[in-house]
Amino acid sequence: MNPLDKLPTPVRWMALTAAGITVLAVVQWITDTDKLTDAATSGAMLRWAVPIMLAGLGGLFAERAGVVNIGLEGMMILGMWFGAWGTINYGPWAGLLIGIIGGALGALVHALATVTFGVDHIISGVAILIAAPAVTRFLSLEIFDGYDGGSITQSPGLDSAGKFTFPILAGGSLFGWDSPDFLGWLVDKDWPLIGEIADVAHGITTSVSIFTIIAYSMVPLSAWVLWRTRFGLRLRIAGEHPQAGESQGINIYAYKYAGVILSGALAGFGGAFIATPELGGIYQEGSTNNQGFIGLAALIIGNWRPAGVMAGALLFAYPRALGFKDLDGDSSHALLLISGAALYVISVLSYRKQKFTDMILAAVIGSASLIWFFNSEIVDKWFISILPFIIVLLVLTFFSQRLRMPAADGQTYRKGET
Amino acid sequence: MTDTATPPASTADADIAAAKRRERYMSLAAPLGAFLFSVVASAIVLVISGSNPFEALSDMMGHASKLETQVSMLNRATPLYISGVAAAIGFKMNLFNIGVEGQYRMAAIFAAYVGGAVALPAPLHIALILLVAMTVGAGWAGLAGVMYTHRGVNEVIGTIMLNGIALGIIAWLVRRWQAGGDIAVVGIGTEPIDDSGILPNLTWLPEMIRDLKGARELTGVLILAIIVGIAYHVLLNRTVFGYNLRASGGNPLAARAGGVPPRRMALTAMFMSGGIAGLVGISEIMAKGRYNPNFVGGLGFNGIGIALLGRNHPAGIAVGALLWAFLDASSDILQTSGAAPKEIIDIMRGVILLTVVIGYEVVRRIQVKEEAARAAARLAEASE
């Protein structure tokens, strides 16, 4: 048993976060770079994690109800288009809502095909992946092409809903009072380790957009809905053992519909967020950039739990955020050292569990990573872009026994059939 | 259900024959119905957006009746067909190879690079390019296969992640392997392949009818696609391996009890699917003579759609690929004639796909129900 498992959940998460930042600080010190724990990096990570996290939470609701949704990317595209359209015509708040509705409409098609007609979930998902970009392209031609500054592939620029700096922690104003900037003061002190932690925290509390705050509030909200309400219990029954739920008189179809539509709504939120000035600032074709799939990845390594999805999204967003700030690529280069070291740890753990194939595999990949680290000065952007996918495959390869997906996930359910 | 009239015993055989005929009509009804539905749905969209659907349809039909258009349809259908077969091999084993997209692009860049780097006599040169493409495709798919069989990593997730990795690696390789080795210049692509590595075209075939306008050519890869189709058919229906494959895909438990090793079947199917996927990019390489940064994408996902449309049947996939190619060609004419926005074609494709999968599922359900009713009737008859 892992000693960490005995700690209460919030303490465990805090310990893991602190450990993560410590590793970054140490690596930063060893490799003599400065961007790994920079406030700008953590701020960018916070923003870039939002679409991934929302897509992951979307996948969570669908898969907890037993429906696999690989069409998340398509629903994000719909959300991004409708969000941009709504923002241009009715302002950022209505735009967000319209984007959410757009994603939910895509999900409705998926629910109709998989729940009502019993089509295989993957097949329906692929159909949505093909159809969604076609729909938005047509709509762009019909609508954005006629706008000033718009074209068939992009919309005009969008307005922001506003930003928020946390008072006291990061010096935001509180009812007109300019509160002290506590974390900024800590950063200036530059104490070892505490300085780095404060810098990361400063980045995620300074001028955060209101949409970002709403997005992160979806994590505890999802956890509460799924594990603390009757609705959530029934939704999870639909994904674990629908026949058992049916025998209790629960309308499984209705809960599956609810799960899938919520899934599309969250993915639509994620898509709309990409179009806000926080990330893109316009609707642009292709700028969802596989984040729906990365969200699916966050769902898996997050073990089908909201906090896990968030942790996964932040983990995947980190190299990307670093890549944006780290133009010469020497800080990203340090990630090779971290991944090499992590794989050696896995190798040792596997040895202790007598899993020798795992041990050799992890040692080989870890050595490759280290050899690359020592034989290069910088690392290319392409490595950063594929890192999330590599992490997922590694996690699935080495830790798949620790992951547990809903028991009836992906299975077609028909009322009255076993 | 048992209240249906019991047929007399003497007509039982005729009854089965009639049921089989009905079954065949019904499985045709699904794709035809889906196509009609999508035409009607697209027409409604066109009317709402202010275009004349009849004008658009007549433009499309008029365009498709030209020999030049038919040649370009065959050119477009060729890679789509190969991609459809690649997906279908997986489907037959109940494996979703979502990764055809990554596999064919990975295979294409390696094949183009090797093809551009060597000088060999024609047949060997072409064979080498094809071999590299198939090996890389099979290897990339095999990676997902090994993770599936040895680590239980779901093949859908595995291939999706490998797609993402492939695109990243290709973005890097295409600069690294750029012709002339100058990384500062972008967008050239790999070293061009000598003429000895290019499959001869089949332009003489349509030119037996009449000369083609413009510099239009019929791709030689069409032959390869036909070979792939025949090989797929023979493999599936005339070999022990094909039988085992269908058995494992249809009922893995029964197949296992019958001595078919499920792990090895899954792995082999994945390798084969990837090997065929490796050939998808060949027609583009042969046409351009290199891999360049705007290499055609999306053939993998469309191949999955086409395999679904054609129910994994070699002829059905061909019909699906030609339909897709027809829609592609129509999109060109709509752009030039201006009768309707060409994006309507993509919407039609999405609608066809969604309605056809729903249609197949509904037909399957009705068939299962009828089968049960027939069996019940037969049972009642026997017990009398």
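In this text, all values refer to a predicted model and were calculated from it rather than measured experimentally. (Residues numbered from 1 in each chain as written. Chains lettered and ligands numbered in written order. Predicted model: local features only at pLDDT ≥ 70, side-chain atom pairs only at ≥ 80, totals over all residues.)

1. Quick look at the overall build of chain B
Okay, step 1: Helix and strand counts for chain B stand at 15 helices and zero strands.
Okay, step 2: Projecting the C-alpha coordinates of chain B onto the three principal axes gives extents of approximately 85 × 55 × 40 Å.
Okay, step 3: Each of the 384 residues in chain B was classed as buried or not, and the buried ones make up 47%.
Okay, step 4: In chain B, 76% of the contacts between residues at least 6 apart in sequence involve partners at least 24 apart. (Helix = DSSP H or I, 4+ residues; strand = E, 2+ residues; numbered from the N terminus. Buried ≥ 20, exposed ≤ 12 C-beta atoms within 10 Å, placed from the backbone. Contact = placed C-beta atoms within 7 Å.)

2. Concerning the overall build of chain A
Okay, step 1: On a plain count of helices and strands, chain A comes out with 16 helices and four strands.
Okay, step 2: Computed over its C-alpha atoms, the radius of gyration of chain A comes to 22 Å, within 12% of the 22 Å expected for a compact globule of 418 residues.
Okay, step 3: If one aligns the C-alpha atoms of chain A with their principal axes, the spans along those axes are about 60 × 60 × 45 Å.
Okay, step 4: Counting every position in chain A, which comprises 418 residues, the buried fraction comes to 52%. (Rg over C-alpha atoms; globule rule 2.2 N^0.38 Å.)

3. So, unusual backbone geometry
Okay, step 1: If you check the backbone angles, Asn-290 of chain A has positive phi at about 65° while not being a glycine.
Okay, step 2: Along the chain, Asn-290 of chain A falls in the loop between α11 (252–275) and α12 (291–301).

4. As for the interface of chain B and chain A
Okay, step 1: Opposite the 35 residues of chain B that make contact, chain A presents 35 residues.
Okay, step 2: Sorting the residues of the side of chain B that touches chain A by element identifies α5 (122–151), α6 (155–176), α13 (299–309) and α15 (343–383) of chain B as the ones contributing at least two each.
Okay, step 3: Split into classes, the residues belonging to the side of chain B that touches chain A amount to 22 nonpolar, eight polar and five charged. (Nonpolar A, V, L, I, M, F, W, Y, C, P; charged D, E, K, R; others polar.)

5. What to know about helix α11 (residues 262–277) of chain B
Residue and element names in this part refer to chain B.
Okay, step 1: The first and last C-alpha atoms of α11 sit 22 Å apart over 16 residues, in line with the 22 Å expected at 1.5 Å per residue.
Okay, step 2: Those residues of α11 lying buried are Met-265, Ala-266, Ala-269, Met-270, Met-272, Ser-273, Gly-274, Gly-275, Ile-276 and Ala-277.
Okay, step 3: Residues of α11 that are buried in the fold lie against α3 (67–92), α4 (100–117), α5, α8 (221–238) and α9 (240–250). (Expected span 1.5 Å × (residues − 1).)

6. What about the packing of helix α2 (residues 39–64) of chain A against helix α7 (residues 194–203) of chain A?
Each pair of packed helices can be described by the angle between their axes along with the distance between the axes.
Residue and element names in this part refer to chain A.
Okay, step 1: Direction vectors running N to C along α2 and α7 enclose 45°, while the axes themselves pass 7 Å from each other. Comparing the axis directions of α2 and α7 gives the class oblique. The handedness of the crossing between α2 and α7 is right-handed. When α2 is examined against α7, the residues Ala-39, Ala-40, Thr-41, Ser-42 and Gly-43 are found in contact with a partner set consisting of Asp-199, Val-200, His-202 and Gly-203.
Okay, step 2: Its residues placed into classes, the contact of α2 with α7 shows three nonpolar, five polar and one charged. (Axes fitted to C-alpha atoms, helices over the stretch in contact; angles between N-to-C directions. Parallel < 35°, antiparallel > 145°, perpendicular 65-115°, else oblique. Left-handed = near helix turned anticlockwise from the far one by under 90°.)

7. Here's the deal with the domain arrangement of chain B
Residue and element names in this part refer to chain B.
Okay, step 1: For chain B, the domain assignment lists domain 1 (1–51 + 342–384) and domain 2 (67–340).
Okay, step 2: Listed by contribution, the elements that provide at least two residues to the side of domain 1 that touches domain 2 are α1 (12–48) and α15.
Okay, step 3: In terms of residue count, the dominant contributor to the side of domain 1 that touches domain 2 is α15 (seven residues).
Okay, step 4: Tallied by class, the residues present in the side of domain 1 that touches domain 2 amount to eight nonpolar, one polar and two charged. (Domains from an automatic or database assignment.)

8. Some points on helix α14 (residues 314–337) of chain B
Okay, step 1: Across its 24 residues, α14 of chain B extends 35 Å between first and last C-alpha, which sits within 8% of the 34 Å expected from 1.5 Å per residue.
Okay, step 2: Count one or two residues on from α14 of chain B and you reach Gly-338 of chain B, which has phi positive near 75°.

9. Quick look at the environment of Leu-167 of chain B
Okay, step 1: You can see Leu-167 of chain B is positioned in helix α6.
Okay, step 2: With 213 residues separating them in the primary sequence, Leu-167 of chain B and Ala-380 of chain B have C-alpha atoms 60 Å apart.

10. Brief notes about the packing of helix α3 (residues 72–90) of chain A against helix α4 (residues 92–116) of chain A
All names here are of chain A.
Okay, step 1: Contact pair α3 / α4: the axes reach a minimum separation of 7 Å and the direction vectors enclose 150°. With respect to their mutual orientation, α3 and α4 come out roughly antiparallel. For α3 against α4, the interelement crossing comes out right-handed.
Okay, step 2: Counted by class, the contact of α3 with α4 contains 17 nonpolar, ten polar and no charged residues.

11. A closer look at the nonpolar core
As a rule of thumb, soluble globular proteins bury nonpolar side chains together.
Okay, step 1: Core analysis: the biggest nonpolar cluster contains 238 residues, and Met-53, Leu-54 and Ala-297 of chain A together with Val-357 of chain B have the highest contact counts within it.
Okay, step 2: A domain-level breakdown of this core finds at least three residues from each of domain 1 (1–51 + 342–384) and domain 2 (67–340) of chain B.
Okay, step 3: Aside from chain neighbours lying at most four places away, what touches Ala-297 of chain A is Phe-316, Pro-388, Phe-389 and Val-392 of chain A together with Met-161 of chain B. (Core = buried A, V, L, I, M, F, W, Y, C linked by C-beta atoms within 7 Å.)

12. Thoughts on the environment of Tyr-344 of chain A
Residue and element names in this part refer to chain A.
Okay, step 1: Relative to the elements of secondary structure, Tyr-344 occurs in helix α14 (residues 330–352).
Okay, step 2: Separated by 20 residues in sequence, Tyr-344 and Val-364 have C-alpha atoms that sit 9.0 Å apart.
Okay, step 3: If sequence neighbours within four positions are ignored, Tyr-344 has contacts with Ala-363 and Gly-366.

13. Comments concerning the environment of Ala-275 of chain A
All names here are of chain A.
Okay, step 1: Tracing the chain through its elements places Ala-275 in helix α11.
Okay, step 2: On the neighbour-count criterion, Ala-275 (31 C-beta atoms within 10 Å) is buried.
Okay, step 3: On a C-alpha basis, the gap between Ala-275 and Ile-52 in space is 14 Å, while along the polypeptide they are 223 residues apart.

14. Side note on the confidence of the model for chain B
Okay, step 1: Averaged over every residue, the pLDDT of chain B is 86; residues scoring 70 or more account for 95%.
Okay, step 2: At the level of chain-chain contacts, confidence expressed as ipTM amounts to 0.83, with global pTM at 0.87. (pLDDT = per-residue confidence, 0-100.)

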